[in-house]
Every structure is written in C-alpha cells, then in structure tokens.
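Each chain, letter by letter, is given below.
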Amino acid sequence: MDRDALKNMAADAAVEYVKDGQIVGWGTGSTLRFVVGKLSGRIKKGLRIRGVATSLETARLAREAGIPLLADDAEWVVDLALDGADQVDPRLNLIKGGGGALLKEKIVAAAATRFVVVVDETKRVPVLGGSFPLPVEVVPFGWRTLAKRLERLGCRVTPRMKDGALFVTEVGHYILDLWFSKIDDPIRLEAELEKTPGVVCTGLFVGRADLAVVATQQGIVTLTRP
Ligand code: 5RP
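Report on the accompanying structure.

Cut-offs used in this document
- Residues numbered from 1 in each chain as written.
- Predicted model: local features only at pLDDT ≥ 70, side-chain atom pairs only at ≥ 80, totals over all residues.
- Heavy atoms only, no water.
- Helix = DSSP H or I, 4+ residues; strand = E, 2+ residues; numbered from the N terminus.
- Rg over C-alpha atoms; globule rule 2.2 N^0.38 Å.
- Buried < 20%, exposed > 50% of the residue type's maximum accessible area, 1.4 Å probe, protein only.
- Contact = heavy atoms within 4.5 Å.
- Areas by Shrake-Rupley, 256 points an atom, 1.4 Å probe, with all protein chains shown as cover.
- Lys, Arg positive; Asp, Glu negative; His and termini not counted.
- Charge placed at Lys NZ, Arg CZ, Asp CG, Glu CD.
- Core = buried A, V, L, I, M, F, W, Y, C linked by side-chain atoms within 4.5 Å.
- Pairing = 2+ DSSP bridges.
- 1 Å grid on protein atoms, 1.4 Å probe; cavity = no way out; pocket = protein on both sides within 12 Å on 5 of 7 lines; lining within 4 Å.
- Points joined across faces, edges and corners; volume = space filled by probe spheres on them.
- Nonpolar A, V, L, I, M, F, W, Y, C, P; charged D, E, K, R; others polar.

As a further point, take the overall build of the protein. When you go through the protein residue by residue, the secondary structure sums to 6 helices and 15 strands. Here the C-alpha atoms of the protein give a radius of gyration of 17 Å, agreeing with the 17 Å that 2.2 N^0.38 yields for 226 residues. Seen through its principal axes, the protein has C-alpha atoms that stretch 55 × 40 × 30 Å. A buried classification covers 52% of the 226 residues belonging to the protein. Residue pairs at least 24 apart in sequence account for 75% of intrachain contacts in the protein once pairs closer than 6 positions are excluded. Split by element, the accessible area of the protein, about 10,700 Å² in all, is 52% carbon and sulfur. Separation of charge centres in the protein, based on 31 positive and 28 negative side chains, amounts to 1 Å.

What follows is the structure, given as structure tokens:
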C-alpha cells in the first residue's frame, strides 16, 4: 500500500469516532483531507455535525463536504478534534506544524474533550526529532535574534520559506524549524520554548492526544495515551 492508501485507511477508521450532533475540530494537512472527504457521504445520509476548522484550506474543504462551521470568535465546545501529525512517539506526544497551522491546531486541540490523531505508520518514531524539525511559530519582530537564541538549545534553526520568501502563517507569524537530533524531554523543551519572548506556539503537542489511529500495512492499530 502506498502512503495515500494508508491515509485513506486511517481516515476510514477515524470517521468512526464522529457521532451525530457533535462539534468536530478539523485539523489541517493531506491526511485530514481524506478524513473530511469521507464524511460528506455520511452527511448526505443525515449525519448532523458542525465544525471548527484550523485553516482556511480545511474550512473550504469542510464547506464543500457540507459541514457547517462555527464562527472563529464563537465560544466553542469541541466534542472531538481530529488531526494529523508529523511524528508520534510511544507516549502519544506529537510534533505538528508541517503544514504551518500549528497555532490554530493547538487552540482547537486544547478546546476539545477528545483529541484523536490520525496518521499512517511512517509517522511513528521511538523519539521525537531527528528526521523532522520542530516547528516554532514566532512573531516577526526580532525573529533573527530569536533564532540565534534558540540555537543555544542545541538545535539548528532554519526559517520556513515559501516561494523564495519567509512563510507567513494565517495569523501573520513566521515559523522557525528547529532541527534537534532527538528530543529526549519534550515537556521540558516545550516549557523552555514557551517562556521565550517572541515564541507564540510550538509544534510540540505533549500529553494532548487521547488516541492515535495508525494505518499500517497490516491494518489499523489504535494506540491510547499511557
Ligand atoms: C499541519 C499539521 C499536519 O497535521 C501534519 O503536518 C501532518 O500532515 P499530513 O497529514 O499532510 O502528513 O500539523 O500543521
């Protein structure tokens, strides 16, 4: 099975968690595209759900699938957040933000009663870091100085680029990608980063996921947070 077939399989399993009447938080990325796509059939058959989208792209997909969205400034009670991840460790700690939507994704995950991560087996790692950088969303003011300071944490820092210019998030921030050989203590690193002025949000999601739906060549594996 190729990656898309695995994502498709993960999406099939993930939508089983969506129940009638729920408010669902929708993450961002290629896996979530499969998930949102799967629901349009069920909605046509009568499933009633509403949603909160973590990016303009997901909002567009949700509308196309017939999912009504709550206003960004409404007071949401999110029953279920569904999102992808770039890395998942055995404790269900995550690196997210490959698509640059980490801030909205973290806000929605924090607002959710249940957070289910939807991934294919290539995202599972014994330890976070290494092959994938940790995205850190920062304010534009002073970003080069901040990047130098973050290097002192023992990582290489590269600003996220798009089409030859600095990548700008939907809320007007930049992203610094922090390349660690490994992240042994994600709790400590998250705390260290979040107290650094200029840092808005990190792609470390520690102790937030309740469940991971993992598509493997052998079928679906469901992992719960230990
Ligand atoms: C976007 C994310 C995505 O969930 C993450 O990058 C995984 O994306 P994909 O499903 O395309 O592999 O965090 O900010």
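Moving on, there is more to tell.
Now for the nonpolar core. With 28 residues, the main nonpolar core has Val18, Trp26, Val35, Leu39, Ile49, Ile67 and Leu82 as its most contacted residues. Looking at this core, the elements that each hand over two or more residues are helix 1 (3-14), strand 1 (23-26), helix 2 (30-44), helix 3 (56-64), strand 3 (78-83), strand 6 (112-120) and strand 14 (211-216). When neighbours within four sequence positions are excluded, valine 18 is seen to be in contact with Val24, Leu39, Arg42, Leu47, Ile49, Leu80 and Leu82. In this structure, Val138, Tyr174, Leu189 and Leu193 belong to the second largest nonpolar core, which totals 22 residues.

Before going further, it helps to spend a moment on the sheet that holds strand 5 (residues 94-95). The sheet built from 3 strands is open, its strands ordered 4-5-13 with antiparallel pairing. Pairing within the sheet leaves two strands with one partner each, and these edge strands are strand 4 (87-88) and strand 13 (204-205). In terms of strand pairing, strand 5 meets strand 13 through 2 bridges, oriented antiparallel. Bridging across to strand 13, isoleucine 95 finds its partner in leucine 204.

One number sums up the size of the largest pocket: a volume of about 240 Å³. Together, 18 residues line the largest pocket, and Thr28, Gly29, Ser30, Asp86 and Gly99 are the ones closest to its centre. Mapped by element, the contributors of at least two residues to the lining of the largest pocket are helix 1 and helix 2. Considering every element that reaches the lining of the largest pocket, the biggest residue donor is helix 2, with 3 residues. Its residues placed into classes, the lining of the largest pocket shows 3 nonpolar, 9 polar and 6 charged.

This part is about helix 2. Considered for burial, the residues of helix 2 that qualify are Thr31, Leu32, Val35, Val36, Leu39, Ser40 and Ile43. Where the residues of helix 2 are buried, they touch helix 1, strand 1, helix 3, strand 3 and strand 6. With its phi angle positive at about 120°, glycine 46 sits one or two positions after the end of helix 2.

So yeah, pure geometry; function would need other evidence.
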